[in-house]
Amino acid sequence: MNGVLDTVEPQPIAKICGEPLLEIPQDLYIPPDALEVFLDTFQGPLDLLLYLIRKHNLNILDIPMAELTLQYMTYVEMMRVDQLELAAEYLLMTALLIEIKSRMLLPAPKAGPEDEGRDPRAELVRRLLEYEQMKKAAERLNEIPQAERDFSVVQVWIEQKTDERLPNINKDDLLNAWSAILARAKVNRHHQIKRETLSVRAYMSQVLRELRGRKQIEFYDLFSPAATVAEVVVTFLAILELAKELLLEISQSPDNAMIYVRAIDTV
Amino acid sequence: MSAPSTPSDHHSLNTLDSLSPEKTKQILEAALLTTQEPLSVSELRKLFDNEFSAAVITSLLQDIRDRWRDSGVELVTVASGWRFQTKADMQPYLERLTPQKAPRYSRAVLETLAIIAYRQPVTRGDIEEIRGVSVSSSVLKTLTSRGWIEEVGHRNVPGKPALLATTAHFLDDLNLRSLDELPPLEEMKSLIESSENQHLPLEQPEESSH
Amino acid sequence: MSAPSTPSDHHSLNTLDSLSPEKTKQILEAALLTTQEPLSVSELRKLFDNEFSAAVITSLLQDIRDRWRDSGVELVTVASGWRFQTKADMQPYLERLTPQKAPRYSRAVLETLAIIAYRQPVTRGDIEEIRGVSVSSSVLKTLTSRGWIEEVGHRNVPGKPALLATTAHFLDDLNLRSLDELPPLEEMKSLIESSENQHLPLEQPEESSH
């Protein structure tokens, strides 16, 4: 990259008709074939101007404006095809140089005290120097050892213990969990009653199934010995509900001994 | 424009003749220290353009392993090759650098645990009854594998559902001597009763009849 | 590398009776070997619940650095702290393991980086002003995605352009502890004087000042 500026062994910047082009021609003329290389070699018009001044001792005062302008315009024409932005920048630089040149040629106006010593080249020179300084800084920066390119950062595997960290809880967590259940239960109570009612209806079906094909069944036989209290109560409620809906009939023997349940045959 | 020359470009690689065993080990060590993934012997041979046999590399790796023995980091072989890793006793210290958020149990886990703790022994169906939603197997598995709940029997109803209760380990982990030390549920009596009542739909059954 | 036992330690480690100086160094070493990002002394103090002073930790780190001196890996201090990294002469070998080369940046990227590093905070417009060409978005993206530059605010002018600055990670990657360690800017040879002294600009070298 800095090959053009500081070549120890000159490398051709381009080959034109098989002939290596070792240096940018001093007369500023750059053969069209080399233009692409030329554009890649310089970062922009500032970079090119800096090169011409430093390498060929081009006097900023005596830049051959007519020639330079003509050639810059040739580049601009060629660049317009696919590098319009860069073309514009070269065009701007040409305009700047012409402006400086023209101001240098005009007799200096009677300057006010604050204008004293102002050189129309000063601003361009300031920019050129600032750019050159940053260009050098970039080169120095690139020489500093860089992670990944010049050294690698150490990173060793951390062996995780097999037992993962487990959550801890305390008594209050349990209490809070209960509170949450309580709060939700209140909200859901209506819903839950409905669920239970449906289960009564399920037992009603079950009782009816047991009565199917039988004349009557003893009340106690409707209750499984394994039944929970809840099941007993639900079964009882189911029987009452069936009686209320006149789907079965409950009767008791005169000696108050046996209770019978009989399906009411609606047929 | 060509890439700028960099310091590393100027190092001419030593020919193998000039690579001392010590330097060879340094290179192996540097490679293993900079890659988290295990490196196989055949990969490590690439460091030297395959000019050392696998046996030579393995022998050097064993030397390196011995040299690291007294360190907090060790060279180990795993399925895909060799790697450096920290020893287990470093873990408690290293964890302090990256304090992870303490893991937390989900509400489902905590509520299930609370129901089992306060209402034991209970079946899964009981828990679902109280929580109003089904209990996923993973919730019970979490609590079982933590050693906080266990099956203590089966309820004598169709399906013979398992009865769940908390363990002594649960009490230990919560620093309790007995279940009596759980926070009292005075203000929740109504809930427990109401949830019991919900087993028994005695509340205005008429409401539901059309 | 290996943890050879070191001669008796001068550090007073009475605060943590159970931790020998050797074990303390093992822990520091393990922490530094496992983290890619540099660790500051204050972070390293967390390893021991801040029971060692920064001075003690720094002194132990210097011991560790000495101990690693003959290895392919070195302990260095950069902007964000201490870290282990390979020495430059390891890189040619390590590159053989990783097929893709580390990025080498174009002049456009490097010049933009230099302007941001030396003139920060700067706007994109400032950079364009100095380079005399527009700055492509890909150049800034390259530097941002490497983590070397970031937006640090906006200049209070129309359009509120973002102000760019270099990051601590940039300093880390270049082994620098602060921006002061960047190479000093060179004074450029004056352009006016040299051209004023020349009457025949294209032919005569500087010596021929009339």
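Residues numbered from 1 in each chain as written. Chains lettered and ligands numbered in written order. Predicted model: local features only at pLDDT ≥ 70, side-chain atom pairs only at ≥ 80, totals over all residues. Heavy atoms only, no water.

### Details of the overall build of chain A
Helix and strand counts for chain A stand at eight helices and five strands. Reading the helices (α) and strands (β) of chain A from amino to carboxyl end gives α-β-β-α-α-α-α-α-α-β-α-β-β. In chain A, which comprises 267 residues, the proportion classed as buried is 43%. Summarising the internal contacts of chain A: among those between residues at least 6 apart in sequence, 56% fall at separations of at least 24. Surface summary for chain A: the accessible area is close to 15200 Å², and the carbon and sulfur share equals 56%. (Helix = DSSP H or I, 4+ residues; strand = E, 2+ residues; numbered from the N terminus. Buried < 20%, exposed > 50% of the residue type's maximum accessible area, 1.4 Å probe, protein only. Contact = heavy atoms within 4.5 Å. Areas by Shrake-Rupley, 256 points an atom, 1.4 Å probe, with all protein chains shown as cover.)

### Considerations on the interface of chain B and chain C
Listed as interface residues are 37 residues of chain B and, on the opposing side, 35 residues of chain C. In total, about 3300 Å² of surface goes out of reach between chain B and chain C, with carbon and sulfur atoms giving 67% of it. Taken together, the connections running from chain B to chain C amount to four salt bridges. Linking chain B with chain C are seven residue pairs in polar contact (both at pLDDT 80 or more). Counting residues per element, the ones that place at least two in the side of chain B that touches chain C are helix H1 (7–10), helix H2 (21–34), helix H3 (41–46) and helix H5 (91–94) of chain B. Taken together, the residues that form the side of chain B that touches chain C break down as 18 nonpolar, nine polar and 10 charged. (Buried area = accessible area lost by both parts, 1.4 Å probe. Salt bridge = Lys/Arg side-chain N within 4 Å of Asp/Glu carboxyl O. Polar contact = N/O pair within 3.5 Å; in protein donor to acceptor, adjacent residues only side chain to side chain. Nonpolar A, V, L, I, M, F, W, Y, C, P; charged D, E, K, R; others polar.)

### Remarks on H2 of chain B
The end-to-end C-alpha distance of H2 of chain B is 20 Å, a good match for the 20 Å that 14 residues give at a rise of 1.5 Å each. What H2 of chain B keeps buried is the set Lys23, Thr24, Lys25, Gln26, Ile27, Leu28, Glu29, Ala30, Ala31, Leu32 and Leu33 of chain B. (Expected span 1.5 Å × (residues − 1).)

### Considerations on the pattern of salt bridges
A side chain with one charge may pair with a side chain of the opposite charge, provided their charged atoms come close. Inspection of the entire model under this criterion finds 32 salt bridges over all chains. A salt bridge links Glu29 of chain B to Arg67 of chain B; its shortest N-O distance comes to 3.5 Å. Residue Glu29 of chain B is located in helix H2, and its partner Arg67 of chain B is located in helix H4 (residues 54–67); the two are separated by 38 residues in the primary sequence. According to the relative accessible area criterion, Glu29 of chain B is buried, its value standing at 1%. What you see here is one network of salt bridges that share partners, running through Asp47 and Lys135 of chain A together with Arg107, Glu111 and Arg131 of chain C.

### Focus: unusual backbone geometry
A cis amide bond links Gln120 of chain C to the next residue, Pro121 of chain C, at an omega of -5°. Among the secondary structure elements, Pro121 of chain C is positioned in the loop between helix H5 (107–119) and helix H6 (124–131). Phi is positive for Lys160 of chain B, close to 40°, though the residue is something other than glycine. Tracing the backbone shows Lys160 of chain B in the loop between strand E3 (149–154) and strand E4 (162–166). Judged by relative accessible area, Lys160 of chain B falls into the partly exposed class, the value being 46%. You will see that Asn50 of chain C, though not glycine, has its phi angle at about 60°, which is positive.

### Notes on the side chain of Thr166 of chain B
Of note, Thr166 of chain B is situated in strand E4. Apart from the residues within four sequence positions on either side, Thr166 of chain B is in contact with Leu113, Ile116, Ala117, Gln120, Trp148, Ile149 and Leu179 of chain B.

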